[in-house]
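Residue strings, one per chain:
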Amino acid sequence: MNIRKKSTKVSVIGAGFVGSTTAYALMQTELVSDLVIVDINKTKAEGEAMDLAHGTSFVKPINVMAGDYKDTKDSDIVIITAGAGQKPGETRLDLINKNLNIFKSIIPEVVKYSPESILLVVSNPVDVLTYITYKLSGFPKERVIGSGTVLDTSRFRYLISKKFDIDSRNVHTYIMGEHGDSEIATWSSTNIAGMTVSEFCKSVNESCDECFKDNTLESVKKAAYEIINKKGYTNYAVGLAVKRIVSAILGDENAILTVSSLLSGQYGINDVYLGTPTIINRHGVEKVLEVPLDKNEMKELKDSAEVLKGHIEKSNIE
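Quantities reported herein were computed from a predicted structural model and do not represent experimental measurements.

1. Examining the UniProt feature "binding site: NAD(+)" (unreviewed entry) in the protein chain
As recorded in UniProt, the sites labelled "binding site: NAD(+)" (unreviewed entry) are Val 18, Asp 39, Lys 44, Tyr 69, Gly 83, Ala 84, Ser 105, Val 122, Ser 123, Asn 124 and Ser 147. Looking at the secondary structure, you find Gly 83 in the loop between strand S4 (77-80) and helix H3 (96-113). Relative accessible area serves as the criterion here: at 38%, Gly 83 is assigned to the partly exposed category. Residues contacting Gly 83, with those up to four places away along its chain left out, are Asn 99 and Ile 102. Positionally, Val 122 belongs in the loop between strand S5 (118-121) and helix H4 (126-137). Not counting chain neighbours up to four residues away, the residues in contact with Val 122 comprise Val 18, Ile 79, Ile 80, Thr 81, Ser 147, Val 238 and Val 242.

The structure is reproduced here in structure tokens:
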């Protein structure tokens, strides 16, 4: 007797560059059986769904469709990529006022049809909008997650790997704090092959001074701006980052990723979402980890939290 595997439904709100690329990446996870795309521009959503559906013979069985909020009913995960995109010269935090009203219309609809879902916010500024989503949804903090600094951490690992000509998967480190200009690099806990950066540098006769560290972090911070200036938007790497988060949730992996989680005393920080190493599984956030930070990193993390708190207060979401 064949036992049909429980279906897994994921809905993507927003069919722009990030939303459509995320949907494409999710088709290849083999964990999603039903994929719904919703956008205010219904024709655009239909076109993206049709294009993706034409490739279903190349992947595991999956039903891809465009729809309205009612079609997202009983989603396991709802991914929110809708909102105004970052333009050349804009910071992520410049987008708050543009996207606040958009979220006020989206979140109640999502909650209405999928009250038991996990909400994954990708739209920028992701940390502030994830906090806003948490407040608007009324969901427990464990089921409201932002994409956080998962992509920033990948960029950081990539840049370090290029310095030493090694596989980026063998670089163990984090970018924490705001997904934006106040983010921090955890150099004090970075390791390669069990060695600190300084130890690894000596082993390969490379120079790893403060200038190298400062320039690497600055390159991470400027990466999105550079890409936006060159092509107008970012989409591929963030789509892969979201795929990684979704896979960790649906696969019940207990994976440690720097998603944006609500802090409630960790690092001496309260009531703000920011990117920090977090164990995530089928229930959403299992535990926010407190990784060792040196004195300067701790100060910078708290400063980053204060930047975000200031913008949350200005948004008048309470």
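2. Let's talk about the state of the cysteines
Taken as a whole and assessed by the stated rule, the structure comprises one disulfide. Put simply, Cys 201 and Cys 208 are joined by a disulfide, and their sulfur atoms are 1.5 Å apart. Note on the Cys 201 and Cys 208 pair: the S-S dihedral is about -75°, so by sign convention the disulfide is left-handed. The same class applies to Cys 201 as to Cys 208, namely buried.

Quick notes on the rules
- Residues numbered from 1 in each chain as written.
- Predicted model: local features only at pLDDT ≥ 70, side-chain atom pairs only at ≥ 80, totals over all residues.
- Heavy atoms only, no water.
- UniProt positions renumbered as here; feature names shortened; annotations may be inferred.
- Helix = DSSP H or I, 4+ residues; strand = E, 2+ residues; numbered from the N terminus.
- Buried < 20%, exposed > 50% of the residue type's maximum accessible area, 1.4 Å probe, protein only.
- Contact = heavy atoms within 4.5 Å.
- Disulfide = S-S within 2.5 Å.

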